[in-house]
Amino acid sequence: MAGIDAASGYDRMKEVKEFDESKIGVKGLSDSGITSIPRFFVHPPETLSDLKSSSTCASIPVIDLSGVNSAAHRRKIVEQVKEAATTWGFFQVINHGAPVPALEETINAIKAFHEQPHEVKSKYYKRDEGQGVMYASNNDLYRANAAAWHDSLQAWMAPTAPKVEDIPEVCRNEVVAWDKRATKVAETVMELLSQGLGMEAGKFKELTLSDARVFVGHCYPYCPQPDLTVGITSHTDPGVVTVLLQNHVPGLQVKHGDEWVNVNPVPGGLIINVGDFLQIICNGEYKSVQHRVLANSYNEARISIVMFFNIGKLKEDDYCGPMPELLSPEKPAIYRNFTMQEYLENFYCKGLDSKSMIEKITIQN
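Residues numbered from 1 in each chain as written. Predicted model: local features only at pLDDT ≥ 70, side-chain atom pairs only at ≥ 80, totals over all residues. Heavy atoms only, no water.

Novice: Help me understand the overall build of the chain, please; the structure alone is not making it clear to me.
Specialist: Of the regular secondary structure elements, the chain holds eleven helices and 16 strands. Here the C-alpha radius of gyration of the chain, 20 Å, is about what a compact globule of 365 residues would show, namely 21 Å. The dimensions of the chain, computed from C-alpha atoms along their principal axes, are 60 × 50 × 45 Å. Going through the 365 residues of the chain one by one, you find that 51% of them count as buried. Considering only contacts within the chain whose residues lie at least 6 apart along the sequence, 77% involve residues at least 24 apart. Taken as two groups, the 36 positive and 46 negative side-chain charges of the chain have centres that lie 2 Å from each other. (Helix = DSSP H or I, 4+ residues; strand = E, 2+ residues; numbered from the N terminus. Rg over C-alpha atoms; globule rule 2.2 N^0.38 Å. Buried < 20%, exposed > 50% of the residue type's maximum accessible area, 1.4 Å probe, protein only. Contact = heavy atoms within 4.5 Å. Lys, Arg positive; Asp, Glu negative; His and termini not counted. Charge placed at Lys NZ, Arg CZ, Asp CG, Glu CD.)

The following block contains the structure:
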């Protein structure tokens, strides 16, 4: 992050620190009625010039999971999931088993947390990534070149669950319940993804690919200058699979080829995307793709609930890499093995970015 601008006397780090220590988040800034955003939220011209959706595509694929337990339908669903994960890296699922009222309750609970008065929310505000419960604006506030217009409540649910009393009371029951529901959906999707690679349905579960879980409740409040910043910077997810629940306020975009495609929420639907870790272990078969959220120009806040799933039983010095059963003389490994320590350091040493781990371990021919 840049420091003092000698020409203007602007001390970026001082402003960032003051904002962080105020614990008001961007919701506090938005509610205060500001008409221009602080300078450290302003993104460079090369980011801003690319913000409009340029796509003529309708949206990401939508897959109906209602026949997932029927042998007659399952094969077709496996093919649909494989095709979506290979060509898009993103898809929506409907009839996924999580009741629609539960989706609404979860969204409303996270919205209620973010709408609490500053003095109530601020006691949860901290920067202690990797465990427990944390509320903050921008995980990578001190690592990124420019901040983004969102606040987040995060709870690391597994392998070590937080103390239930540490989860804010206004959304406690809903966070615990959504963790269970989203995990069931993720495990169903992982079975389909595993079968799409020609493996047993239970292979990913056996490899503990859903045993580390993080719940994140994002709030993207109204932004007075949405053309100068972003809701979340363009990035890929570092883990295995992500399950996303969002309200009706738009903003999510996915990179497909050279185009940015708007992802319009399907009522009752959940969005699934492939993470970098999954792309690596399946040797590039499934694609982790860039996505971003535009700054919110609507009066109503955009709320999204993200569940990140990642491998559980790995020590820092354990090695990971493409799965041996997917390799052959015709399909050699395109990625080298790496340690979990290398993987974690790559994520925590910088701001959100795209596929930097994948680029680091790609074998150059």
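Back to the write-up after that little detour.
Novice: Please clarify how the environment of Q116 should be interpreted in this entry.
Specialist: Turning to its location among the elements, Q116 is positioned in the loop between helix 5 (100-114) and helix 6 (118-121). For the pair formed by Q116 and R292, sequence separation is 176 residues and the distance between their alpha carbons is 26 Å. With sequence-adjacent residues up to four places away left out, Q116 is seen in contact with K121 and V170.

Novice: Could you clarify how one ought to interpret the packing of aromatic side chains in this entry?
Specialist: Tallied over the entire structure, the rule returns ten aromatic pairs. Relative to Y135, the ring of Y125 lies with its centre 5.3 Å away and its plane at 90 degrees, an arrangement referred to as edge-to-face. A residue pair is termed long-range when its members are at least 10 positions apart, and Y125 in the loop between helix 6 and strand 5 (133-136) and Y135 in strand 5 qualify at ten residues. A relative accessible area of 6% places Y125 in the buried class. Y135 gets classed as buried once you look at its relative accessible area, which sits at 0%. (Phe/Tyr/Trp six-rings, centres within 6.5 Å; stacked < 30°, edge-to-face > 60°.)

Novice: Help me out: how do you make sense of the sheet that holds strand 13 (residues 291-294) in this one?
Specialist: Two orientations exist for strands paired in a sheet by backbone hydrogen bonds: parallel and antiparallel. Taken in spatial order, the four strands line up as 8-13-10-11 in an open sheet, and their pairing is antiparallel. A strand with exactly one partner marks an edge of an open sheet, and here the two such strands are strand 8 (230-235) and strand 11 (259-262). Averaged over all pairs of adjacent strands, the angle between strand axes in this sheet comes to 30 degrees, irrespective of strand direction. Pairing of strand 8 with strand 13, which is carried by three bridges, proceeds in the antiparallel orientation. Bridge assignment links I232 to a residue of strand 13, and that residue is V293. (Pairing = 2+ DSSP bridges. Axes fitted to C-alpha atoms, helices over the stretch in contact; angles between N-to-C directions.)

Novice: Explanation requested: the side chain of D276 in the structure shown.
Specialist: Considering the arrangement of structural elements, one finds D276 in helix 9 (residues 276-281). Within the local environment of D276, its side chain forms a polar contact with the side chain of S288, the two groups lying 2.6 Å apart. In this structure, D276 is in contact with T236, D237, P238, G239, S288, K355 and I358, ignoring residues within four places of it in sequence. (Polar contact = N/O pair within 3.5 Å; in protein donor to acceptor, adjacent residues only side chain to side chain.)

Novice: Whenever I open this one, the pairing of strand 13 confuses me. Can you help?
Specialist: Within a regular beta strand, the side chains point alternately toward one face of the sheet and then the other, so they alternate between its two faces. As judged from the three bridges shared by strand 10 (residues 252-256) and strand 13, these two strands associate in the antiparallel manner. Bridge pairing in strand 13 links V254 to H291.

Novice: Got a minute to help me understand the packing of helix 5 against helix 7 (residues 172-196) in this structure?
Specialist: When two helices pack together, their arrangement is given by the angle between the helix axes and by the axis-to-axis distance. Contact pair helix 5 / helix 7: the axes reach a minimum separation of 10 Å and the direction vectors enclose 135 degrees. Between helix 5 and helix 7, the angle falls in the class oblique. Helix 5 and helix 7 meet at a crossing whose hand is left-handed. Here A102, L103, E105, T106, A109 and I110 of helix 5 come into contact with helix 7, specifically with E174, V175, W178 and R181. When its residues are assigned to classes, the contact of helix 5 with helix 7 shows six nonpolar, one polar and three charged. (Parallel < 35°, antiparallel > 145°, perpendicular 65-115°, else oblique. Left-handed = near helix turned anticlockwise from the far one by under 90°. Nonpolar A, V, L, I, M, F, W, Y, C, P; charged D, E, K, R; others polar.)

Novice: Looking at this structure, I do not really get the packing of helix 4 (residues 71-87) against helix 7. What am I missing?
Specialist: Running from N to C, helix 4 and helix 7 point in directions that differ by 85 degrees, and their axes come no closer than 8 Å. Classified by the interaxial angle, the pair formed by helix 4 and helix 7 is roughly perpendicular. Each of R74, I77, V78, V81, K82 and A85 in helix 4 lies in contact with helix 7, whose residues at this interface are E191, L192, L193, Q195 and G196. Across the contact of helix 4 with helix 7, the residue classes tally to six nonpolar, two polar and three charged.

Novice: How should I be thinking about the sheet that holds strand 4 (residues 90-94) in this particular structure?
Specialist: Taking strand neighbours across the sheet as the criterion, the eight strands line up as 3-4-12-9-14-7-6-5 in an open arrangement whose pairing is mixed. Whereas interior strands pair on both sides, the edge strands pair on one side only; in this sheet they are strand 3 (62-64) and strand 5. Put simply, the sheet's adjacent strands are angled 20 degrees from each other on average, direction ignored. Two elements, strand 4 and strand 12 (residues 270-274), share four bridges in a ladder whose sense is antiparallel. Among the inter-strand pairings, V93 is bridged to a residue of strand 12, identified as L270. Packing against the sheet, helix 4 makes contact with strand 3, strand 4 and strand 12, and its axis sits at approximately 160 degrees to strand 3. Sitting on the sheet, helix 5 is in contact with strand 5, strand 6 (151-158), strand 7 (212-220), strand 9 (241-246), strand 12 and strand 14 (302-310), with an inclination near 110 degrees to strand 14.

Novice: Is there a simple way to explain the environment of V133 in this structure?
Specialist: Mapped onto the secondary structure, V133 falls in strand 5. Residues V133 and P162, spaced 29 residues apart in sequence, show a C-alpha to C-alpha distance of 6.8 Å. Residues within four places of V133 in sequence aside, it is in contact with K126, L153, Q154, A155, P162, D166, I167 and P168.

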